[in-house]
Every structure is written in C-alpha cells, then in structure tokens.
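# Summary of the model geometry
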Amino acid sequence: MVADRKKMTLPMLFEKVARGEQITWLTCYDYPTAYLQDQAGVDMILVGDSLGMTMLGFDSTLPVTMDDMIRHAAAVRRGAPNAWVVGDMPYMSYQPSVESAIRNAGRFMAEAGCDAVKLEGGAEMADRVAGIARAGIPVIGHLGLTPQSASALGGFRLQGKSAAQAKKIVDDTAALVDAGAFCVLLELVPDRLCGLITERTKDAIIMGLGSGPHAHGQLLIYHDAFALYPKFKPRMAKVFADAGAVIREGLAAYVREVTERTFPAPENWFGMKDDEYDELVRLLEPRGDIQ
Ligand code: KIV
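The structure contained in this document is the topic of the report that follows. (Residues numbered from 1 in each chain as written. Predicted model: local features only at pLDDT ≥ 70, side-chain atom pairs only at ≥ 80, totals over all residues. Heavy atoms only, no water.)

## Observations regarding the pattern of salt bridges
Oppositely charged side chains may form a pair once their charged atoms are brought near each other. For the coordinates displayed, the defined rule picks out 14 salt bridges. Put simply, Asp127 and Arg128 hold a salt bridge, and the shortest N to O gap is 3.0 Å. Exposure remark for Arg128: the relative accessible area of 11% places this residue in the buried category. Each of Lys7, Arg77 and Asp115 takes part in a single network of salt bridges with overlapping partners. (Salt bridge = Lys/Arg side-chain N within 4 Å of Asp/Glu carboxyl O. Buried < 20%, exposed > 50% of the residue type's maximum accessible area, 1.4 Å probe, protein only.)

## Things to note about the side chain of Arg77
For Arg77, the location among the structural elements is in helix 4 (residues 66–79). The buried category is assigned to Arg77, whose relative accessible area is 14%. Among residues more than four places away in sequence, those in contact with Arg77 are Lys7, Asn82, Ala83, Val85, Ala112, Gly113, Cys114 and Asp115. (Helix = DSSP H or I, 4+ residues; strand = E, 2+ residues; numbered from the N terminus. Contact = heavy atoms within 4.5 Å.)

## Concerning the site of the ligand
The ligand sits among 13 residues. The nearest are Gly48, Asp49, Ser50, Asp88 and Lys118. For the ligand, an oxygen atom lies 2.5 Å from a polar atom in the side chain of Ser50. Lys118 has a polar side-chain atom sitting 3.0 Å from an oxygen atom of the ligand. Protein contact buries 97% of the 260 Å² of open area that the ligand shows by itself. Its residues assigned to classes, the shell around the ligand shows five nonpolar, four polar and four charged. (Near = heavy atom within 4 Å. Polar contact = N/O pair within 3.5 Å; in protein donor to acceptor, adjacent residues only side chain to side chain. Areas by Shrake-Rupley, 256 points an atom, 1.4 Å probe, with all protein chains shown as cover. Nonpolar A, V, L, I, M, F, W, Y, C, P; charged D, E, K, R; others polar.)

## Focus on the nonpolar core
Nonpolar side chains in soluble globular proteins tend to be buried together. Core analysis: the biggest nonpolar cluster contains 71 residues, and Trp25, Phe108, Ile132 and Leu186 have the highest contact counts within it. The element best represented in this core is helix 4, accounting for six residues. (Core = buried A, V, L, I, M, F, W, Y, C linked by side-chain atoms within 4.5 Å.)

## Digging into helix 6 (residues 126–134)
Every buried residue belonging to helix 6 is among Ala126, Arg128, Val129, Ala130, Gly131 and Ile132, and all of these are buried. Looking at the packing, one finds that the buried side of helix 6 touches helix 5 (98–112), strand 4 (116–120), strand 5 (139–144) and helix 8 (163–179). Phi turns positive, to about 85°, at Gly136, one or two residues after helix 6.

## Remarks on the sheet that holds strand 5
In space, the eight strands of this closed barrel follow the order 1-2-3-4-5-6-7-8, with parallel pairing throughout. Each strand of the sheet is rotated relative to its neighbour by a mean of 25°, with strand direction disregarded. Judged from the four bridges that link them, strand 1 (residues 23–27) and strand 8 (residues 217–220) form a sheet pairing that is parallel. Of the residues in strand 8, the one forming a bridge with Trp25 is Leu219. Along the sheet, helix 8 contacts strand 5, strand 6 (183–187) and strand 7 (205–209); its crossing angle with strand 5, the most-contacted strand, is approximately 170°. (Pairing = 2+ DSSP bridges. Axes fitted to C-alpha atoms, helices over the stretch in contact; angles between N-to-C directions.)

What follows is the structure, encoded as structure tokens:
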C-alpha cells in the first residue's frame, strides 16, 4: 500500500519516463476496485469501454454508450482520487465528427472528473485528437488491435506483423503525436515494433498492452489479471492473483452455510432486550399471526 500518495499529474508521468521508470496502468470500472488500485499505487486507470464485456456481459464493446461510461468513470474517480483516470471514448462518441469528439471528451472531464481521454484509430482520427487537445483535454491514441474495429481487423489478433503493416502503425503514431496526443497505447503489436516506436518517439509516452517490455509502461485489463472474466484469458495476460477462484470458493461456502443453518451465527445479528420484546408481544395482543 502506498501511504499518503500524491495526486498523479501529467508532468509526473513524463518525469517517470525521464527517470526510466515504468508506468503502471490497469482498467477499472467500479468504486471498490478503484479504491484498491489507488491504494496499491497504480499510476493510471483506464475506464475502458471493455466494461461492455467485463461488466455488462456483451460480446463486444460496441453497445457501450457515453452514459454508461460516465456512470462508471465517475465511480472510479470517487474511489481513486490520486491515480490518473482516463475515460475511454466509446463507439460512435467521436467517429462522427470533431465536434462530437470534443463534446464527449468534455463530458468525461466535467461529469466524471477524468484526467484524460483515449480514442481508437490512427491518422484518420488526427483531427479528432487535435480538436480535443485544443480544448485543453489530454488525449491518448490507441493503435494496433483496436477492439471497436475488431470486425474490420479480422478479430482479436496480432497487428503489424508485416513490414508494411508495421510502417502504417509507425506513421499513425507520428500522426497522433503531431496532432497533440500526449500518449499512444500500442495493443497487441510485435515487441520489436513497440520497441522501435518507443525509442523513436521523443515527445509522447508509449504504453503497451501485450506488446512486449520496451514501452514506457504496461496496461492490463484488470479482469484478465485477476481471473475475473469467465469467457477467456488472452495469452498476453498474466494472472497476478486468482480472485475468481477465491470468490467461487466463498460463494460455495455461503450457499453451504445458509443451507446448513450455520450462518448466521450470534455475532452476525442483533438482539432485543427482554422487556422491550415482552412489551411488543403485549402491544400486539390479541392480534396473533401477521397476515
Ligand atoms: O476498453 C479497454 O479496456 C481498452 C483496452 C483494451 C486497451 O481500450
């Protein structure tokens, strides 16, 4: 636990990079988990639209709305006052126009108290990134495997395998940084591509997710890292603790103890003084059974 941690700021993130320290970043969607992540000293929290899958049980992120995102991001902010909280712009909250991008990025800041926003896409989204940055909102680009375009990308698979595809990711990174992104997330690209981009990017932070050790820091999906998503565990994720197993065991114990009447025990309930109880019975006479 990090006692008395200071509120993370943008200069502090860049200072970590300058010192050669790794930045830690996890997804989070709720108040109690945000509290734990803040206490553990996690630098950045992504309120990802992955919540559509991890929290709401959809098969993709596409059904997630801005209102869903604001509700979850505000809860995370309340739980994590010190981490750098990033609101993930959901499908169709920024694709239609620069104006929609600025307006919805502004909602994350004003209504949920976020520190930054993230959006998916490369050079084609540079005008959205520029608009948001001009509005004074720190913005993160997201390249490689971009789940909102999973259909166009042929599924959840490694991106940038060929030299030509990798060059496009390099060019897209440059376009996003030129447009004003302070950070670019590279999801599921080869380790050497991530390393090359990190080495050649001077004015922005490069974060990796399943893209090897060479980025300025790592992002993981919380539900993957703690075995809380029942459908699958991506190969790139490491399970740091099997919270899913702990919860399953606890649930089985709960069902067993209630069934066997060993729960609740006297320490789990409150009694009533004899004279108050006797008076209650007297007050109810001759009423008998409650109908
Ligand atoms: O929504 C999310 O959690 C994300 C990650 C997959 C990067 O965008």
